[in-house]
Protein chains: 2
Amino acid sequence: MQFNKQLEKIKTYEPGLPIEEVVREFGIDPSDIIKLASNENPFGCSPKASEAVAQSAHLMYRYPDDTMGELKGKLAQKFGVGTQNLIIGSGSDQIIEFLIHAKAETKILINEITFAMYAIYAATKGVEVIRTRGMEHDLEQFYELYKSENPDVIFLCTPNNPTGDALRRDEVYRFLEKIDSDTMVVLDGAYQEYTAFKDGDYAIDAKDITKRFPNVIYLGTFSKAYGLGGMRVGYGVASEEIIGALYKLRPPFNVTTLSLVAASAALEDEKFVTDAIEKNFEYMKEYETFAKEHDGIEYVESYTNFITYLFEKSDSSEIAQKLLKQGIIVRDLKGYNLNAIRTTIGTREQNQRFLNALENLLGS
Amino acid sequence: MQFNKQLEKIKTYEPGLPIEEVVREFGIDPSDIIKLASNENPFGCSPKASEAVAQSAHLMYRYPDDTMGELKGKLAQKFGVGTQNLIIGSGSDQIIEFLIHAKAETKILINEITFAMYAIYAATKGVEVIRTRGMEHDLEQFYELYKSENPDVIFLCTPNNPTGDALRRDEVYRFLEKIDSDTMVVLDGAYQEYTAFKDGDYAIDAKDITKRFPNVIYLGTFSKAYGLGGMRVGYGVASEEIIGALYKLRPPFNVTTLSLVAASAALEDEKFVTDAIEKNFEYMKEYETFAKEHDGIEYVESYTNFITYLFEKSDSSEIAQKLLKQGIIVRDLKGYNLNAIRTTIGTREQNQRFLNALENLLGS
């Protein structure tokens, strides 16, 4: 059977290995496996969220409230925007899909090393991907390429995944002011809760962005700080015009009944989120100290719940594979052209196990 | 801001009103509302599924097992196919989206009155929709249009939604044998569990279809008989070639962690499903009797968990609106060019309330 030509160009996204697969492949006891590959919240989710879900489990037969009225109301209040400025997706990934289909016609502009889904959705749509050069976002390069290539959509991932560095807010604003109103700019803030906690100068205010720049969309998610990675809830905050266009591409019931329950309940427990973030940055210091104490490891200062180790003397794929055989799942970044691994900051025990294992591997 | 031209043609799907919206709009107490508009399983879901979900609620922080190994294994066993013959989507809607994007280039062929999402996804892709004439699937018309229009994809919805009639298996096979191997045929069996129970001659065997017709895909769902409409789990069964192509379009983590848990557990409780289907057809007799006893109501013989009343003397939109004000939500089919309403067969109490209310409306 002949399929549409675009399929030939599509590369499938490689997610972090699930624990289930490591169990199957290496025969390791599930309780011995630690997964630091997908930047899940190592402290789980708010007990309020899991209780709400357990109590609503019998309602799974019912289609979701497709207006998403309750969750939208709470998000609108959180961000100080109207519900007409919000769209909720099956993860913020789905919002990325919508906006590429709504706006990208010929080209998108992204950082050389950044979240893989931008390019994957562009390929699905048959759209060319223009990239800057270098690991961190360089807004001067972005501006040059904007002028010369005239992309339909520009993605700024701040903090950036998989590297962890972030852009200062004033730098972002100066950039946005130079972009014409018919070019869409996406501020992907999947880890912004961490960034805002670490340094207010790097925090992006979705309300202010929406008010000042009708061509900009801010993306957020419940998958990271809110600890609901498995439930697929992300959102976009933007002008009514952008939201209206994206809504046309939203399939009905794109967020499950229990995902809506979980996200709404999670918003009622900001203390859980703040505690998790506080511990994250406390524990991250151990990773920084480790890197400083070991020759041949550089790290990127991180505004997220993960840290990227760049290796000068070792091969990242070998390290990742050896860790995997010990039941420690991290993300090898060789596929991003970096000799590096990305590790989620885990619980204290997980971090200790990872750092001990790495110490042994480097010593051997 | 200019958006892509295709957006102009997109009509948004109108889902059945959620209970939450009727509460907001008419101020009716939620406990007084009955929803017979979305063909949810009125008996809920298997207690085994809700217990499994309640016990796994604390795992929401973890991304789904994206191999979906457990659920695929169980489905493979159920259908007697290999896991490479299966793709799981966020509802079977999402499989429809994938296959239109993978295969439809210029035209699809569908029944005049059928599930709305086929045409909606075609519009997203800028593909023309060819329709037969008439309420029920007429395979001779389908064949004529296949020859003259050369569509890329043909959809047979059996049993058909929103009318409830089904195609005999031998009739389907005779049709499939005449279709060339480069045209994809979709057998949408969202309600096939009901059909197979009612009359084996109308049942579609996904394994046999897959073996004999490498150009055909069978679609099934957990949203109806399995009572998991809120969790968005559907699947496609087809040749490895078709599944491989669709997989390229599948976004990672398209089914939530708890949806996978729920569907896997639901498959362990076939008794719940059979009991629900048995009651469905028992209660449906009351609807048939009601129609026979009232002048001006015709009904379509249904192989599903809903029934369609065609009105000769009344206006379906008026009836639906008057029922709504009493807290009874049904589906007006005026948008499908039918002066009819579609009603889910509910619990005994719900059916009684609906039929009493309709009796009063017709009498007045």
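Note that the coordinates shown come from a computational prediction; the quantities given were computed from them, not determined experimentally.

Draft legend 1. Local environment of the environment of Arg232 of chain A. As for its placement among the helices and strands, Arg232 of chain A is situated in the loop between strand E7 (216-221) and strand E8 (234-237). Take Arg232 of chain A: its relative accessible area is 4%, and that puts it in the buried class. A polar contact of 2.9 Å, which involves the side chain of Arg232 of chain A, links it to the backbone oxygen of Phe253 of chain B.

Draft legend 2. Up close: the nonpolar core. Judged by nonpolar contacts, the single largest core of 167 residues is most densely connected at Phe222, Tyr309 and Phe354 of chain A together with Phe222, Tyr309 and Phe354 of chain B. The residues contacting Phe354 of chain B, other than those within four sequence positions of it, are Leu36, Tyr287, Tyr309, Leu323, Ile328, Val330, Ile341 and Thr343 of chain B. By size, the runner-up hydrophobic cluster in this structure holds 36 residues, among which are Phe98, Ile120 and Ile242 of chain A together with Ile10 of chain B.

Draft legend 3. A look at the relation of the copies chain B and chain A. The two copies are related by a screw operation: chain B maps onto chain A through 180° of rotation and 0.0 Å of translation along the axis, at an RMSD of 0.0 Å. One copy is carried onto the other by what is essentially a two-fold rotation axis. Among all C-alpha atoms of chain B, that of Ala54 of chain B lies closest to the rotation axis, at 2.0 Å. Both copies contact each other with a shared surface, as 99% of the interface residues of chain B are interface residues in chain A too.

Draft legend 4. Structural detail: the pattern of salt bridges. Residue and element names in this part refer to chain A. Taken as a whole and judged by the stated rule, the model has 38 salt bridges over all chains. Across the salt bridge formed by Glu149 and Lys107, the nearest N and O atoms sit 2.9 Å from each other. Placement of the pair is Glu149 in helix H6 (residues 139-149) and Lys107 in strand E3 (residues 107-110), with a sequence separation of 42 residues. The partner of Glu301 in a salt bridge is Lys198, with the nearest N and O atoms 3.1 Å apart. Taken as a pair, Glu301 in the loop between strand E9 (297-299) and strand E10 (306-311) and Lys198 in helix H8 (residues 192-198) lie far apart in primary sequence, 103 residues in all.

Draft legend 5. A look at the domain arrangement of chain A. Residues and elements named next belong to chain A. Once the domains are mapped, chain A shows domain 1 (5-45 + 271-363) and domain 2 (47-268). Look at where the C-alpha atoms of domain 1 and domain 2 centre, and you get two points 24 Å apart. Each partner contributes to the interface: domain 1 provides 31 residues, whereas domain 2 provides 36 residues. A combined buried area of about 2800 Å² lies between domain 1 and domain 2, and 68% of that area is made up of carbon and sulfur atoms. Where domain 1 touches domain 2, the interface holds one salt bridge. Summed over the shared surface of domain 1 and domain 2, the result is 10 residue pairs in polar contact (both at pLDDT 80 or more). Looking at the side of domain 1 that touches domain 2, the elements that each hand over two or more residues are helix H12 (270-293) and E10.

Draft legend 6. Summary view of the interface of chain B and chain A. Taken together, the contact pairs 74 residues of chain B with 73 residues of chain A. Roughly 6200 Å² of surface becomes buried between chain B and chain A when both sides are summed, with 61% attributable to carbon and sulfur atoms. Of all residues in chain B, Met1, Met60 and Tyr63 of chain B bury the most surface against chain A, accounting for 13% of the area lost on that side. One salt bridge connects Arg24 of chain B with Asp65 of chain A, and the closest N-O pair in it is separated by 3.7 Å.

Draft legend 7. A look at the sheet that holds strand E8 (residues 234-237) of chain B. All names here are of chain B. Pairing is mixed across the open sheet formed by seven strands, whose spatial order is E2-E8-E7-E6-E5-E3-E4. The open sheet terminates on both sides in strands that have one partner only, identified here as strand E2 (86-89) and strand E4 (128-131). Averaged over all neighbouring strand pairs, the angle between strand axes comes to 20°, with direction disregarded. Against the sheet, helix H3 (residues 69-79) engages E2, strand E7 (216-221) and E8, with an angle of about 125° to E2.

Draft legend 8. Up close: the side chain of Asn41 of chain B. Mapped onto the elements, Asn41 of chain B comes out in the loop between strand E1 (34-35) and helix H2 (47-56). One polar contact links the side chain of Asn41 of chain B to the main-chain amide nitrogen of Phe43 of chain B, over a distance of 3.0 Å. From its side chain, Asn41 of chain B meets the backbone oxygen of Ala225 of chain B in a polar contact 2.9 Å long. When residues no more than four places from it in sequence are discounted, the contact partners of Asn41 of chain B are Tyr61 of chain A together with Tyr194, Lys224, Ala225, Gly227, Phe272 and Ala276 of chain B.

Draft legend 9. Region of the structure containing the packing of helix H4 (residues 92-103) of chain A against helix H5 (residues 117-125) of chain A. Residues and elements named next belong to chain A. Their axes nearest at 9 Å, the elements H4 and H5 cross at an angle of 40°. Between H4 and H5, the interaxial angle falls into the category oblique. The handedness of the crossing between H4 and H5 is right-handed. Contacts from Asp93, Ile96, Glu97, Ile100 and His101 in H4 reach Met117, Tyr118, Tyr121, Ala122 and Lys125 in H5.

About the thresholds
Residues numbered from 1 in each chain as written. Chains lettered and ligands numbered in written order. Predicted model: local features only at pLDDT ≥ 70, side-chain atom pairs only at ≥ 80, totals over all residues. Heavy atoms only, no water. Helix = DSSP H or I, 4+ residues; strand = E, 2+ residues; numbered from the N terminus. Buried < 20%, exposed > 50% of the residue type's maximum accessible area, 1.4 Å probe, protein only. Polar contact = N/O pair within 3.5 Å; in protein donor to acceptor, adjacent residues only side chain to side chain. Core = buried A, V, L, I, M, F, W, Y, C linked by side-chain atoms within 4.5 Å. Contact = heavy atoms within 4.5 Å. Least-squares fit on C-alpha atoms with pLDDT ≥ 70 in both. Salt bridge = Lys/Arg side-chain N within 4 Å of Asp/Glu carboxyl O. Domains from an automatic or database assignment. Buried area = accessible area lost by both parts, 1.4 Å probe. Pairing = 2+ DSSP bridges. Axes fitted to C-alpha atoms, helices over the stretch in contact; angles between N-to-C directions. Parallel < 35°, antiparallel > 145°, perpendicular 65-115°, else oblique. Left-handed = near helix turned anticlockwise from the far one by under 90°.

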